[in-house]
Amino acid sequence: MKYISQENAPILEALERMKIARLVPFDVPGHKRGRGNPELTKFLGEQCLSVDVNSMKMLDNLCHPVSVIKEAEELAAEAFGAAHAFFMVGGTTSAVQAMVMSACKQGDKIIMPRNVHRSAINALILCGAVPIYVNPQMDPTLGISLGMSVSDVERAIKENPDAKAVLVNNPTYYGICSDIKSIAKLAHEHGMLLLADEAHGSHLYFSDKLPVAAMHAGADMAAISMHKSGGSLTQSSILLIGDRVSQGYVHQIINLTQTTSASYLLMVSLDISRRNMALRGKALVDKIIAQVQYARDEINTIGDYYAYSSELINGDSIFDFDITKLAIYTRSIGLAGVEVYDLLRDEYDIQTEFGDIANLLAYVSVGDREKDIERLVSALAEIRRNYRQTGREMMKAEYISPQVVCGPQEAFYGEKESLPLYDTSGRVCSEFVMCYPPGIPILAPGERITEEILRYIRYARKKGCQMTGPEDMELKQLNVLTHI
Amino acid sequence: MLWFTEQHTPNVRFSIKVDRQLFSEQSEFQRIDVFESEEFGRVLTLDGYLMLTEKDEFIYHEMIAHVPMCVHPQAKNVLVIGGGDGGTVRELCKYKTIEKIDLVEIDERVVDISKLYLPKVACALEDPRVHCYYEDGLKFIRHVEDEYDLIIVDSTDPFGPGEGLFTKEFYGNCFKALHEDGIMVNQHESPFYQEDAYAMQRAHKRICHSFPISRVYQVHIPTYPSGHWLFGFASRKYHPVKEVNWQAWKDLRIRCRYYNCPLHAGSFALPNYVEELLRDVED
Ligand SMILES: Cc1ncc(COP(=O)(O)O)c(C=O)c1O
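Reading the values: rules and limits
Residues numbered from 1 in each chain as written. Chains lettered and ligands numbered in written order. Predicted model: local features only at pLDDT ≥ 70, side-chain atom pairs only at ≥ 80, totals over all residues. Heavy atoms only, no water. Pairing = 2+ DSSP bridges. Helix = DSSP H or I, 4+ residues; strand = E, 2+ residues; numbered from the N terminus. Axes fitted to C-alpha atoms, helices over the stretch in contact; angles between N-to-C directions. Contact = heavy atoms within 4.5 Å. Phe/Tyr/Trp six-rings, centres within 6.5 Å; stacked < 30°, edge-to-face > 60°. Buried < 20%, exposed > 50% of the residue type's maximum accessible area, 1.4 Å probe, protein only. Lys NZ or Arg CZ within 6 Å of the ring centre and 35° of its normal. Core = buried A, V, L, I, M, F, W, Y, C linked by side-chain atoms within 4.5 Å. Domains from an automatic or database assignment. Arc of directions from axis to C-beta. Buried area = accessible area lost by both parts, 1.4 Å probe. Salt bridge = Lys/Arg side-chain N within 4 Å of Asp/Glu carboxyl O. Polar contact = N/O pair within 3.5 Å; in protein donor to acceptor, adjacent residues only side chain to side chain. Nonpolar A, V, L, I, M, F, W, Y, C, P; charged D, E, K, R; others polar. Right-handed = clockwise from strand over helix to strand, strands pointing away. Disulfide = S-S within 2.5 Å.

**Some points on the sheet that holds strand E9 (residues 148–154) of chain B**
Residue and element names in this part refer to chain B. The mixed open sheet is built from seven strands, whose spatial order is E8-E7-E6-E9-E10-E12-E11. Since the sheet does not close on itself, it has two edges, and those belong to strand E8 (130–133) and strand E11 (213–220), each with one partner. Shown here is a sheet whose adjacent strand axes are inclined to one another by a mean of 15°, direction ignored. Two elements, E9 and strand E10 (residues 178–187), share five bridges in a ladder whose sense is parallel. In the sheet register, Leu150 faces E10, and the bridge partner there is Ile183.

Rendered as structure tokens:
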């Protein structure tokens, strides 16, 4: 076998060979290198359409990789310090779901913080596992949920010794990390797997200035969004696994829901991005760290705003902080994060990641330029000068401990009725309600609806948060279980 | 035969016959070239876009500096953002009453090269009243409050290094950096070709949001796309034409080749189609 290293990009190289071969395509896709769809080709470019091809011998097949995809996955595994890596084309959602469904079957328990992304709870609807929620601590001022404290996880493990796995966010959207090393050790001591949602952590693998990456901390599986901090195309992602899980079985689980026509645009973007991060990741992360630190310092000198960082670390629920994250507390200027988010977009042509009721999140990554950082900082200064409000009643986000009445699958498929949203207090919800982004459910299927939750939904909506999840897309009605 | 060609639109080109190239460098921010030409004298280009020629730069620099100075002759503290070639500063230095001129140019190399190759333009950069700061204009202005009588935004185009100088946050910060009777004048693009007209409208809309008085005046610059160019006049107090003391300016006896008081007043009278473009974005 030929020797390959991180300098290689096997899928890229195979696509280049394919272009030289000048094959006559009598296979799908039907646009035939773009010729059959000139408008699309004009818009996306010939280069792009010419490699939008289907699997073939020289390009391997994601459903059963034996050559270039296999090599590219092996290189990714090496780069991330995993036993194996799977290229995913259904977003990190598909990686999280494959991870959960590989660990749990019908009726199994899985321990997770309540501030997981919807994809994790969706997986429970699909496979029938039930969640054991650990209360993530909440920062009383910032109103964001934090990490899981190790003692809370330990209690959950002791109370549920039959649980199959523990899932950890590493880090959260806001950059908060739990003590994943200790949690992994605890899980393993009790025969459980440690799963990590690293949708916001693919860059952790390439720097020693950041919190520990999941696979380096002993995780058994990690879902990493290469398309977020790794620079690959939207919807591409990687699932990493360690030695404790069977590669073949995880592969079968992935193939339950994965397309048989995986996009080479997505796969080659993973291949190239892996190479880029493996070869230059450290320097790229250093640049992001410096840019974000600069932005934080400048924002904190504007006044009122609070761009937080590692000073939050408390050794437990904020065990570590990812300093590449730029989250800004805005309530102190009398505006909800989502209001600042709207102003930035509508008045200053700046699109940030999201705003919640008290914070704004700007995503800074490999592609940012210094002059764009200047724009963001200046616009925030202008928003404070022009829109600051005083004496306004602002709701404080508080952790609402979920009352889980039944499992997500049972609730989702159960006998249900549709009620006007504000008449549902006391009933059991059979669907999701969340603000997107960040996509963390306010209500998940199987949870009891309370006045407090309805109050929160009303407030978040009034501030302009976009609510998603329910069958009634306008959320006038909500589905609740009839029998409970 | 050597020609410098600039694409004014995807369908229109403008060319100047060049004797020789005097200088070329890729700085941290942009590519800088200086050419010698028979028709226009020396020509400075940034990233392939023509910034000035020795033959017609006086029009641009006189009109960007003397219009606000005539309206507000008491201006003592002036800020020039961009303008590393020194032309705007040269015109400002003709006023003995100005005490301080801060020049904020992102690219120090533009200043160095202008001093070397465009001495007729850069000649006043050594004036003791001039202080050069080499940094991002958007960043500089953010930290300044109630400081200047006049801000001149002598920027390149709304793409490339000057991008940040066409944003709402920049204009808002300029407003804040001015005294309560301060004036901001900016390079306002052209109304003629569609792409430039969009940029012009966007800039106008953003300035209107930040300043109580926002007017536009026109000049003829032969080497700029279409030749028809606009400047923005944004002001916290003074109207650009009404109640201007023309006599006081004439008494200063400043020599100009383009600017004079009737022309100043007339330059605020705009063609109908330009008025319409502006009105479309004023609310
Ligand atoms: C924590 C977390 N997990 C998983 C996902 C899902 O990623 P994707 O949108 O790539 O499916 C997200 C996306 O926002 C996320 O924030």
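Continuing now.
**Observations regarding the environment of Phe87(A)**
Residue and element names in this part refer to chain A. Secondary-structure assignment places Phe87 in strand E1 (residues 84–88). With 179 residues separating them along the chain, Phe87 and Leu266 place their C-alpha atoms 9.1 Å apart. Those residues within four positions of Phe87 in sequence are excluded, and the remaining contacts are Ile11, Leu62, Ala72, Glu73, Ala76, Ser237, Ile238, Gln258, Met267, Leu270 and Asp271.

**What to know about the packing of aromatic side chains**
Going through the model one piece at a time under the given rule, you end up with 20 aromatic pairs over all chains. Both rings, one in Tyr217(B) and one in Phe268(B), keep their centres 4.9 Å apart while their planes meet at 35°; by these two values the pair is tilted. Note that Tyr217(B) is positioned in strand E11 and Phe268(B) in the loop between helix H9 (261–267) and helix H10 (272–281), a separation of 51 residues in sequence. Taking relative accessible area as the criterion, Phe268(B) reaches 13% and is therefore assigned buried. Residues Tyr224(B) and Trp229(B) carry aromatic rings whose centres are separated by 4.9 Å and whose planes lie at 70° to one another, so their mutual orientation is edge-to-face. As far as burial versus exposure is concerned, Tyr224(B) and Trp229(B) are alike and both buried. The structure contains a cluster of three or more aromatic residues connected by ring pairs, namely Tyr60(B), Tyr217(B), Tyr224(B), Trp229(B), Phe231(B), Phe233(B) and Phe268(B). Taking NZ or CZ as reference, Arg114(A) lies 5.5 Å from the ring centre of Tyr133(A), over its face. We note Arg118(A) situated over the ring of Phe432(A); from NZ or CZ to the ring centre the distance is 5.9 Å.

**Side note on the nonpolar core**
Residues and elements named next belong to chain A. Grouped together as the largest cluster of nonpolar side chains are 82 residues, with contacts concentrated most on Val166, Tyr205, Ile238 and Leu240. Structurally, this core is a two-domain feature, drawing no fewer than three residues from each of domain 1 (62–273) and domain 2 (281–387). Contact partners of Ile238, with chain neighbours within four places excluded, come to Ala76, Phe80, Ala85, Phe86, Phe87, Met88, Ala95, Ala222, Ala223, Ile224, Met226 and Leu270. Within the second largest apolar cluster, 51 residues are counted, among which are Val292, Leu419, Ile457 and Leu478.

**Quick word on helix H8 (residues 180–189) of chain A**
Residues and elements named next belong to chain A. Among all positions in H8, only Ile180, Ile183, Ala184, Leu186 and Ala187 are buried. The buried residues of H8 occupy an angular sector of 165° when the element is viewed end-on, so they sit on one face. Relative to its buried face, H8 has exposed residues pointing more than 90 degrees away, namely Lys181, Lys185 and Glu189. Of the surrounding elements, those touching the buried residues of H8 are helix H7 (150–159), strand E4 (165–169) and strand E6 (193–198).

**Some details on the domain arrangement of chain A**
Residues and elements named next belong to chain A. Splitting chain A by domain gives domain 1 (62–273), domain 2 (281–387) and domain 3 (408–481). Put simply, the middle of domain 1 and the middle of domain 3, counted by C-alpha atoms, are 26 Å apart. Taken together, the 17 residues of domain 1 in the interface contact 18 residues of domain 3. Between domain 1 and domain 3 lies a buried interface of about 1,300 Å² when both sides are counted; carbon and sulfur atoms form 62% of it. Counting the surface domain 1 buries against domain 3, the share from its top three residues, Arg114, Arg118 and Ile125, is 46%. At the junction of domain 1 with domain 3, the criterion picks out one salt bridge. Among the ionic pairs, Arg114 bridges to Glu447, the shortest N-O distance being 2.9 Å.

**With respect to the interface of chain A and chain B**
Taken together, the contact pairs 18 residues of chain A with 18 residues of chain B. Each partner contributes to the roughly 1,400 Å² buried at the junction of chain A and chain B, and carbon and sulfur atoms together form 46% of this total. Taken as a group, Lys371(A), Arg375(A) and Arg385(A) account for 33% of the area that chain A buries against chain B, more than any other trio of residues on that side. Counting across the interface, chain A meets chain B through seven salt bridges. Where chain A touches chain B, the interface holds 11 residue pairs in polar contact (both at pLDDT 80 or more). Mapped onto the side of chain A that touches chain B, the elements with two or more residues apiece are helix H11 (264–302), helix H12 (337–348) and helix H13 (370–387) of chain A. Broken down by element, the side of chain A that touches chain B gets its largest block of residues, 11 residues, from H13(A). The class makeup of the residues in the side of chain A that touches chain B is seven nonpolar, one polar and 10 charged.

**A short note on the environment of Met63(B)**
All names here are of chain B. Topologically, Met63 is positioned in helix H1 (residues 57–71). Residue class for Met63 comes out buried when judged on its relative accessible area of 0%. Sequence spacing of Met63 and His239 is 176 residues, and the spatial spacing of their C-alpha atoms is 16 Å. If we skip the residues at most four places from it in the chain, Met63 touches Phe58, Pro68, Tyr217, Gln218, Val219, Phe231, Tyr258, Tyr259, Leu263 and Ser267.

**Let's talk about the pairing of E9(B)**
Residues and elements named next belong to chain B. Extensive coverage of E9 is indicated by the burial of seven of its seven residues. Judged from the five bridges that link them, strand E6 (residues 77–82) and E9 form a sheet pairing that is parallel. Each bridged residue has a counterpart across the sheet, and for Leu79 the counterpart in E9 is Ile151. What joins E9 to E10 is helix H6 (residues 168–177), and the crossover it makes is right-handed.

**With respect to the state of the cysteines**
Residue and element names in this part refer to chain A. Under the criterion given, the structure shown has zero disulfides over all chains. In this structure Cys465 is a free cysteine whose sulfur lies 4.1 Å from that of Cys435, the closest cysteine sulfur available. For Cys465, a relative accessible area of 11% translates into the label buried.

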